[in-house]
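Next come the chains, spelled out residue by residue.
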Amino acid sequence: MKKKALILTTIALATSAMCAQATNVTIYGHLNLNVDFVSSATNGSLGKIHRVSSNVSRIGFKGTEPLGGGLNAIFQVESQLPAAGDGGGGPWGSRDTWLGLQGNWGTVRFGYMLTPYNNIHGYFGNAPTYLASILRTGALWAQVGPSKANGSFDARLENAIRYDSPKIGGFQWMALYSTDEAPSDHGWVGSLGLFYDNAGLQVGLAYETNQGYRAKNANDQALTIAAAYNFGSIRPALVYEYLEYEVNGGKLKRDLFGGSVTMPIGPGKLYGAILHANKGTGAPVGALRAGNKTDATLYEVSYSYDLSKRTMAYVGYIYIDNNDNANYTFSHNGNANTRLGTAQQGLILGLVHNF
């Protein structure tokens, strides 16, 4: 019996090893928790709202199976975690979740995922503190806060097909198509990105069009150009964005300019950014307004310090100076009761652990 059990155990271990070699599965994620002290719409004093926030904390599973001839099957299932215990999570697969194929010719994926228009954000701001939390520059850029149906150009899309080319000489291009499965309108989104990353220079061009997606016969588009150069001790970056929406027989147009800088200070990294959204012309779309005094300027600064390869502490401050007829707020954890002309500000103390 012992000999038989030993044989069965050996067979089981060998089978497990072969399965592990056939499909490599990785469990990954991160927890990003912080304390926010922010202003409210009714009182501008800092700290009138204070809370512990979970900034898109997540857990995911991804894997690769070699199919032979340099071809791999790849997959990812990622879900958001309500780590602060106050909501903000999502159902299974609530973040980028897809299945695809990868080869020397590039990568194709099918499922639910971000667009190439999202990829360009890292070219402008490369500090980890800007990617989530109230510090995200998407408060003004790309209409991140509203849903896709309300004019966002930085959204995770369902029914999506995406292709990423291989990198050649620092160049890479990406394309995504997503369709609205509603039986009547049949709106769709197309997103394109062209990126160059080599020898410290990063340049990105991204374009996205929403054809009948926000509303029937409403065709919207966005264009962003971003560039940065890493001098070693300092990394400056610039960004320009143009938004155009079809509304009420006319068009809402708005452009944005911004600059950022990243530099090592002591044992950590200092990041600062200024973005200015010009006034919109035309009729309003969602939270984006048009007319005189609808412009706004965002100022932010943060400092991050790596406690280890996986754990980082950070502190940051953001101030959104809304003109009299503007009501921009934070793209993550924004104030729901904003009103025209109210400045938004927040101080944040956070801790991130990657696993």
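For the structure, check the block above.
Residues numbered from 1 in each chain as written. Predicted model: local features only at pLDDT ≥ 70, side-chain atom pairs only at ≥ 80, totals over all residues. Heavy atoms only, no water.

Right, let's talk about the overall build of the chain for a bit. A count of helical and extended segments in the chain gives 3 helices and 17 strands. Across the 355 residues that make up the chain, the buried fraction comes to 44%. Pairs at least 24 residues apart make up 56% of the contacts formed inside the chain by residues separated by at least 6 positions. Total accessible area on the chain is roughly 17,000 Å²; 60% of this is exposed by carbon and sulfur atoms. (Helix = DSSP H or I, 4+ residues; strand = E, 2+ residues; numbered from the N terminus. Buried < 20%, exposed > 50% of the residue type's maximum accessible area, 1.4 Å probe, protein only. Contact = heavy atoms within 4.5 Å. Areas by Shrake-Rupley, 256 points an atom, 1.4 Å probe, with all protein chains shown as cover.)

A word on the packing of aromatic side chains. By the definition in use, this model includes 10 aromatic pairs. With a centroid separation of 4.7 Å and 70° between ring planes, the pair formed by Tyr229 and Phe231 is classed as edge-to-face. The exposed category is assigned to Phe231, whose relative accessible area is 55%. With 5.1 Å between their ring centres and 50° between their planes, Tyr240 and Phe257 make a pair best called tilted. A residue pair is termed long-range when its members are at least 10 positions apart, and Tyr240 in strand β12 (residues 235-247) and Phe257 in strand β13 (residues 250-265) qualify at 17 residues. (Phe/Tyr/Trp six-rings, centres within 6.5 Å; stacked < 30°, edge-to-face > 60°.)

Ranked by internal contacts, the top residues of the largest apolar core, which has 43 residues, are Phe124, Leu140, Trp141, Leu275, Ile320 and Tyr328. In terms of residue count, the dominant contributor to this core is β12 (5 residues). Those residues in contact with Phe124, other than ones at most four positions away along the chain, are Thr137, Trp141, Arg235, Ala237, Leu238, Val239, Gly258, Gly259, Ser260, Tyr271, Ala273 and Leu275. In terms of nonpolar packing, the next biggest core, distinct from the first, is built from 9 residues, Ala155, Leu157, Val189 and Tyr213 among them. (Core = buried A, V, L, I, M, F, W, Y, C linked by side-chain atoms within 4.5 Å.)

This brings us to the environment of Ala132. Locating Ala132 in the fold gives a position in the loop between α3 (121-124) and β7 (156-164). Between the C-alpha atoms of Ala132 and Ser57, which are 75 residues apart in sequence, the distance is 9.4 Å.

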